[in-house]
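Coordinates in review
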Amino acid sequence: MSSSPAIYARLHELFTAALDFVAPDRADALMRKWAPRELSHSTITDDRMMAMMADAMLLSADLLVSQPAASGSTAFDRLSRSLGKVSSNDAAALAALGKARFRLLHIQQADAEGRVTVRDRLAGEIISIEGAELPPVPPDIHLFARVAMTGDRCGYLIGAITPLDSTALAVAQSHAAAGGKGSFANARWAEAVYTHVVRHGTVDIPGLNRPSGDANESDLYEEIDEALRDLAHDWAALGGKPPTHELILRARQMTDQTRILDALDAALTARDARDDLMAEAFERIAALQLETVSLRERGGSVGLTLDIIACTLDEAIASRGWPPRVRPLFDRLRPRNRNQQTNGDLPLDRLVQRIQALRAKTVAQGCTEQEAMAAAEKVAELLDRYGLSLSELELQAQPCEGIGIQTNRRRMAPIDECIPAIAAFFDCRVWAERAQGAPLRYIFFGLRGDVTAAQYLYEMVERAFDTETAMFRRSDLYEEMKGDRRSATNSFQIGLSRGISAKLQSMRAARDETIRSASGRDLVPVKSAMIEDEMAKLGLNLSRRSHTTGKRVIRDAYTAGQEAGERFEFIPGITAAA
């Protein structure tokens, strides 16, 4: 390795590797020994305590890597033995590290290529330090550091570099072992200097013994989710201007508990650092995320709620050391409960009540597929009559909401193939929500009357599945399938789901044609645009589940189910007086 950067990089790698050979109990004992004895913790500021802890951890490891154990061997010696036979370059590097010793240095000159000329204050030697890249150091400041010599008056600074103020300099100069060349004496000298620095502090130089300004800014949010951090930077760059639709959408799509807690924590961190633009950005993002959780709750989701987040925060404050002030921030940003009723729309209220009354009457009883389809047609006629009575502006003023359908199934079943057709029949969107180990749950989302009708039809279809399956099990066909009845039942239900779905699709097409012919209006595009806008506010990342094709079924049982699904003649809809 002929270049200085390559030599420095290898010395640094081997020094870091040697740290693994420092016994943790020795480091713990040394840090306890260095703890200040004359000051109570109540008199130490938080900043001073943090600096003291950082110095203790860094300097104890730096000292112990070269401090001989009782046997006389150092961590460098133990590293060398573990590596066995090494290249000549590594052998030279390990030898240089083993002979490296602490020195008291004063900077004489620095050039743009990272070469620094220093004077060893005690030995009087002038040394050329390679690859140092030191930040500006005041001329009255001395440096305490380990120097690994690799040539005549040429060396590298390895490990911690500690600037000394006048008091620390006096301690370094007056110690009995100051400048000692033997390993034991050199380690005793370093321990005395480091003990003083930990207990009493020294001058802080960013980029040397403290994070640089740039590093401090980037490290401030380094534990925050990267996508969330990038969003906050983009938001802060607006300088107080209103956020774009794209930023709002990104915030909503990052709505999960981990990122919400990250945003709240980062907002407090930014306030403490007086980074007001970032603090405001994180608060606005957290407010949008909490609003999105609230909207999802109103949409029927139970996966994450505001109360769950509140409980998580209380637990983090109580047992994980989170600052108590995070809870007031959450309470301030948390959306208030609002009355979600339908703006005094009495006709819609009456419509919903009628659907719910029908549901109460019929769902508790068994029903055939034909009866379920008849109920669907009746409810659709009610909804269409109500929708056509509204102007487009009145229709667009209707609120969207969701209704959750809790199943008792943890695995997909044939009835689930009916879900998209039920949602489409009533102009709803639908998605599945399934927590770990919890039963499958469906959310129907759309206009209030539509989701109420979708819930009603789903429950009717569920009862139809029970009724039709029971009838199939009493049939001659089922009786003939001894030994394969489980597959026969499954095949029948697959056919039933396909028949019901096909029937709903044809009913939907006929319904749309009737509305267009009678009124010249098409309500579907208007509703679709409204629902898409409201769906965007939920910030959901939904993936489409493709239906498995080519399922193996028993043909006769499947055909029987399909015919049960399609064996239906429309029963006339309800009359105007109904």
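Residues numbered from 1 in each chain as written. Predicted model: local features only at pLDDT ≥ 70, side-chain atom pairs only at ≥ 80, totals over all residues. Heavy atoms only, no water.

**Considering the overall build of the chain**
For the chain, the count of helices and strands is 23 helices and eight strands. Among the 578 residues that make up the chain, the fraction classed as buried is 45%. Restricting to contacts in the chain with at least 6 residues of sequence separation, those with at least 24 account for 74%. On the chain, roughly 29800 Å² of surface is accessible, and the fraction owed to carbon and sulfur atoms is 51%. (Helix = DSSP H or I, 4+ residues; strand = E, 2+ residues; numbered from the N terminus. Buried < 20%, exposed > 50% of the residue type's maximum accessible area, 1.4 Å probe, protein only. Contact = heavy atoms within 4.5 Å. Areas by Shrake-Rupley, 256 points an atom, 1.4 Å probe, with all protein chains shown as cover.)

**Focus on the environment of Leu457**
Here Leu457 lies in helix α19 (residues 448–473). For Leu457, a relative accessible area of 2% corresponds to the buried category. It is 7.5 Å that separates the C-alpha atoms of Leu457 and Ala375, two residues lying 82 residues apart in sequence.

**Comments concerning the packing of aromatic side chains**
Scanning all chains against the criterion turns up eleven aromatic pairs. Seen in terms of ring centroids, Phe144 and Trp189 are 5.0 Å apart; in terms of plane orientation they differ by 85 degrees. Their pairing is edge-to-face. On the criterion of sequence distance, the pair formed by Phe144 in strand β4 (residues 142–151) and Trp189 in helix α7 (residues 183–200) is long-range, its members being 45 residues apart. Of the residues examined, Trp189 reaches a relative accessible area of 1% and is grouped as buried. Of the aromatic side chains, those joined through ring pairs into one cluster are Trp34, Phe102, Phe144, Trp189 and Tyr194. Over the ring of Phe425 we find Arg511, and its NZ or CZ is 5.2 Å from the ring centre. (Phe/Tyr/Trp six-rings, centres within 6.5 Å; stacked < 30°, edge-to-face > 60°. Lys NZ or Arg CZ within 6 Å of the ring centre and 35° of its normal.)

**Details of the sheet that holds strand β3 (residues 126–129)**
Taken together, the five strands give a closed barrel; going around it, the order is β1-β2-β3-β5-β4, and neighbouring strands pair in mixed fashion. Direction aside, neighbouring strands of the sheet carry axes that sit 55 degrees apart on average. Pairing of strand β1 (residues 101–110) with β4, which is carried by five bridges, proceeds in the antiparallel orientation. Note on β4: the bridge partner recorded for Phe102 is Arg146. Strands β1, β4 and β5 (154–164) of the sheet are contacted by α7, whose axis makes an angle of about 70 degrees with β1. (Pairing = 2+ DSSP bridges. Axes fitted to C-alpha atoms, helices over the stretch in contact; angles between N-to-C directions.)

**Here we look at helix α14 (residues 326–333)**
Taken together, the buried positions of α14 are occupied by Val326, Leu329, Phe330 and Leu333. Taken end-on, α14 shows its buried residues confined to a sector of 100 degrees, consistent with a single buried face. Where α14 is buried, its residues contact α11 (257–272), α12 (276–298) and α13 (306–319). (Arc of directions from axis to C-beta.)

**Some details on the pattern of salt bridges**
Summed over the entire model, instances satisfying the criterion amount to 29 salt bridges. Of the charged contacts, one joins Arg250 and Asp234 as a salt bridge, the two residues approaching to 3.0 Å between their closest N and O atoms. Residue Arg250 is found in helix α10 (residues 245–253), and its partner Asp234 is found in helix α9 (residues 226–236); the two are separated by 16 residues along the sequence. In this structure, a network of salt bridges that share partners links the residues Arg271, Asp276, Glu280, Glu283 and Arg332. (Salt bridge = Lys/Arg side-chain N within 4 Å of Asp/Glu carboxyl O.)

**Let's talk about the environment of Asp152**
Along the polypeptide, Asp152 turns up in the loop between β4 and β5. According to the relative accessible area criterion, Asp152 is exposed, its value standing at 74%. In this structure the C-alpha to C-alpha distance between Asp152 and Ile127, which are 25 residues apart in sequence, comes to 8.6 Å.

**Looking at the sheet that holds strand β7 (residues 429–433)**
Sheet strands pair by backbone hydrogen bonding; their relative direction is either parallel or antiparallel. Overall, antiparallel pairing links the three strands, which are arranged β6-β8-β7 in an open sheet. Of all strands in the sheet, those bounded by a partner on one side alone are β6 (400–406) and β7. Neighbour-to-neighbour, the strand axes of the sheet open up by a mean angle of 25 degrees, direction not taken into account. Judged from the five bridges that link them, β7 and strand β8 (residues 441–447) form a sheet pairing that is antiparallel. Directly across from Ala432, in β8, lies its bridge partner Tyr442. Here α19 sits on the sheet in contact with β6 and β8, set at roughly 145 degrees to β8.

**Let's talk about the state of the cysteines**
What is meant by a disulfide is a covalent connection between two cysteines, made through their sulfur atoms. Scanning all chains against the criterion turns up zero disulfides. Distance from the sulfur of Cys428, which forms no disulfide, to the nearest cysteine sulfur (Cys400) is 9.1 Å. Judged by its relative accessible area of 6%, Cys428 is buried. (Disulfide = S-S within 2.5 Å.)

**Some details on the side chain of Arg511**
For Arg511, the position within the fold is in helix α21 (residues 485–519). When its relative accessible area of 7% is taken as the criterion, Arg511 is described as buried. Looking at Arg511, its side chain comes within polar contact range of the main-chain oxygen of Phe425, at 2.5 Å. Ignoring any residue separated from it by four or fewer positions in sequence, one finds Arg511 in contact with Ala380, Leu383, Asp384, Phe425, Phe426 and Asp427. (Polar contact = N/O pair within 3.5 Å; in protein donor to acceptor, adjacent residues only side chain to side chain.)

**With respect to the nonpolar core**
Counting residues in hydrophobic clusters, the biggest one holds 44 residues, and the most contacted among them are Ile422, Phe426, Phe444, Leu457, Val461 and Leu504. The set of elements that each furnish at least two residues to this core consists of α15 (346–362), α16 (369–388), β6, α18 (419–425), β8, α19 and α21. Top contributing element to this core by residue count: α19, with ten residues. With 43 residues, the next largest nonpolar core counts Ala148, Leu164, Ala187 and Tyr194 among its residues. (Core = buried A, V, L, I, M, F, W, Y, C linked by side-chain atoms within 4.5 Å.)

**Overview of unusual backbone geometry**
For Asp427, which is not a glycine, the phi torsion comes out positive at approximately 55 degrees. As for its position among the elements, Asp427 is in the loop between α18 and β7.

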